[in-house]
Amino acid sequence: MAPIYLTGDKSGISEFINKFDIFLFDCDGVLWSGDHIFPGTVETLELLRSKGKKIIFVTNNSTKSRSDYQKKLISMGIPSNVDEIFASAYSSAIYIARILKLPAPKNKVFVLGESGIETELKSEGVEFIGGTDPAYRRDITPEDYKGIADGSLLDENVGIVLVGLDFHVNYLKLSHAYQYLARGAKFLATNTDSILPSNHTFFPGAGSISIPLINMTGQQPTALGKPSQAMMDAIEGKFLFDRKTACMIGDRLDTDVRFGIEGKLGGTLAVLTGVTKKSEWEADGAAVVPAYYVDRLSDLRG
Ligand SMILES: O=C(O)[C@H](O)[C@H](O)COP(=O)(O)O
Ligand SMILES: [Mg+2]
């Protein structure tokens, strides 16, 4: 069924808003593009809150922790508290600590990613190496080749390799990560988004960081961000909402809209300020089609 276009349709917009009690908001490509907030975003969230709607921020961006995101939201004029924020670094930490629960000592994580992952792993008491450690932010040396090959530079307690968006990925980190996977470590990814919408264009996404390891091992990582229903279950478990009264708002079909559809939410709204273009769901046989769409989030202000 073709999605309902709401931009400029006042009665359609109020019918849409009245239909839902809770809105799950994607961030990159919907609220902002990098550090550039889209005009009218603050007012649109205020409008929904003024109508008693619950708002949860659900982002695949693992570079920040929930408290980092709270700071970013507040810095952009969006009042929020940590409890309203669900990010892929957090859902990954929960999965590792509370679901995977590998027996010690071989339960340490080798991180390919930024501080957001480290903060959330720490908050769940999960040990890790790699990540933002400056010891890995350098060129590989002959000593590295030798030490990696004979294992003297590897940590035998690493049982998991977790890959997220890493702005400092390099040959040395990939070499360590590969060795751990080759030794049987679990291959996890915070998310597999191919590109990152930022500064009104696109940059390599987390999914593009794990590709070299997929290529080397032939393994696919277990992805813990949208559209993973493990994340939806965790959100529902935390907020105890009726899925039929919830709507997922996002800029990507393969993560956000699919997340809402497979999560059996009452609705999905696609916003055309990020990754997905209308032509993608208009294509013959398009697998994922949103229920509604707007040109930009602020169109919900009518
Ligand atoms: O590369 C990435 O990790 C993604 O592009 C980014 O995280 C998307 O974030 P979201 O749109 O889910 O807020
Ligand atoms: Mg997005």
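Residues numbered from 1 in each chain as written. Chains lettered and ligands numbered in written order. Predicted model: local features only at pLDDT ≥ 70, side-chain atom pairs only at ≥ 80, totals over all residues. Heavy atoms only, no water.

Draft legend 1. The environment of Met 76, seen in detail. As for its placement among the helices and strands, Met 76 is situated in the loop between helix 3 (66–75) and strand 6 (85–87). Classification of Met 76 as buried rests on a relative accessible area of 14%. Put simply, Met 76 and His 36 are 40 residues apart on the chain and 9.0 Å apart in space, counted from C-alpha to C-alpha. (Helix = DSSP H or I, 4+ residues; strand = E, 2+ residues; numbered from the N terminus. Buried < 20%, exposed > 50% of the residue type's maximum accessible area, 1.4 Å probe, protein only.)

Draft legend 2. Focus on the coordination of the magnesium ion (ligand 2). At this site the magnesium ion (ligand 2) is bound by Asp 26 (OD), Asp 28 (O) and Asp 251 (OD), with donor distances of 2.0 to 2.1 Å. Counting the intervening residues between successive donors of the magnesium ion (ligand 2) yields the motif D-x1-D-x222-D. Of this pair, Asp 28 sits in the loop between strand 2 (22–25) and strand 3 (32–33) while Asp 251 sits in the loop between strand 14 (246–250) and helix 10 (253–262), and the two are 223 residues apart along the sequence. Asp 251 carries the same exposure label as Asp 28, and that label is buried. (Donors = N, O, S within 2.8 Å, 3.2 Å for Na, K, Ca; no water.)

Draft legend 3. Here's a closer look at the domain arrangement of the protein chain. As far as domains go, the protein chain holds domain 1 (4–60 + 227–301) and domain 2 (101–223). Inter-centroid distance (C-alpha atoms) of domain 1 to domain 2 is 31 Å. Every contact between the two is made by 13 residues of domain 1 and, on the other side, 11 residues of domain 2. Broken down residue by residue, the surface that domain 1 buries against domain 2 is led by Ser 33, Asn 60 and Arg 252, which jointly contribute 41%. Our count for the contact surface shared by domain 1 and domain 2 stands at 0 salt bridges. (Domains from an automatic or database assignment. Contact = heavy atoms within 4.5 Å. Buried area = accessible area lost by both parts, 1.4 Å probe. Salt bridge = Lys/Arg side-chain N within 4 Å of Asp/Glu carboxyl O.)

Draft legend 4. Geometry of the UniProt feature "active site" (unreviewed entry) in the protein chain. Residues annotated by UniProt as "active site" (unreviewed entry) correspond here to Asp 26 and Asp 28. What makes Asp 26 buried here is its relative accessible area of 5%. In this structure, Asp 26 is in contact with Leu 31, Val 58, Lys 226, Met 248, Ile 249, Gly 250, Asp 251 and Asp 256, ignoring residues within four places of it in sequence. A relative accessible area of 10% means that Asp 28 is categorised as buried. What Asp 28 contacts, discounting residues up to four positions off in sequence, is Thr 59, Asn 61, Leu 196, Pro 197 and Asp 251. Engagement of the side chain of Asp 28 in a polar contact is seen with the side chain of Trp 32, the distance being 2.9 Å. (UniProt positions renumbered as here; feature names shortened; annotations may be inferred. Polar contact = N/O pair within 3.5 Å; in protein donor to acceptor, adjacent residues only side chain to side chain.)

Draft legend 5. Structural view of the site of ligand 1. The environment of ligand 1 is made up of 16 residues, and the closest members are Asp 26, Thr 59, Asn 60, Ile 195 and Ala 206. Interatomic distance of 2.8 Å between a backbone N/O atom of Ile 195 and an oxygen atom of ligand 1. In isolation ligand 1 exposes 350 Å². Once the protein is present, 99% of that is buried. With 3 residues, the single largest contributor to the shell around ligand 1 is strand 11 (residues 195–198). Both of domain 1 (4–60 + 227–301) and domain 2 (101–223) provide at least three residues apiece to the shell around ligand 1. (Near = heavy atom within 4 Å. Areas by Shrake-Rupley, 256 points an atom, 1.4 Å probe, with all protein chains shown as cover.)

Draft legend 6. Local environment of the environment of Ala 291. Within the fold, Ala 291 resides in the loop between helix 11 (278–282) and strand 16 (292–294). Put simply, Ala 291 and Thr 59 are 232 residues apart on the chain and 20 Å apart in space, counted from C-alpha to C-alpha. Excluding residues that lie within four positions of it along the chain, Ala 291 makes contacts with Pro 3, Ile 4 and Thr 268.

Draft legend 7. Region of interest: the UniProt feature "binding site: substrate" (unreviewed entry) in the protein chain. With numbering matched to this structure, UniProt assigns "binding site: substrate" (unreviewed entry) to Lys 226. Here Lys 226 shows up in the loop between strand 13 (222–223) and helix 9 (229–239). With a relative accessible area of 2%, Lys 226 lands in the buried category. Those residues in contact with Lys 226 that sit more than four places away from it in its chain are Asp 26, Val 58, Thr 59, Asn 60, Met 231, Met 248, Thr 255, Asp 256 and Phe 259.

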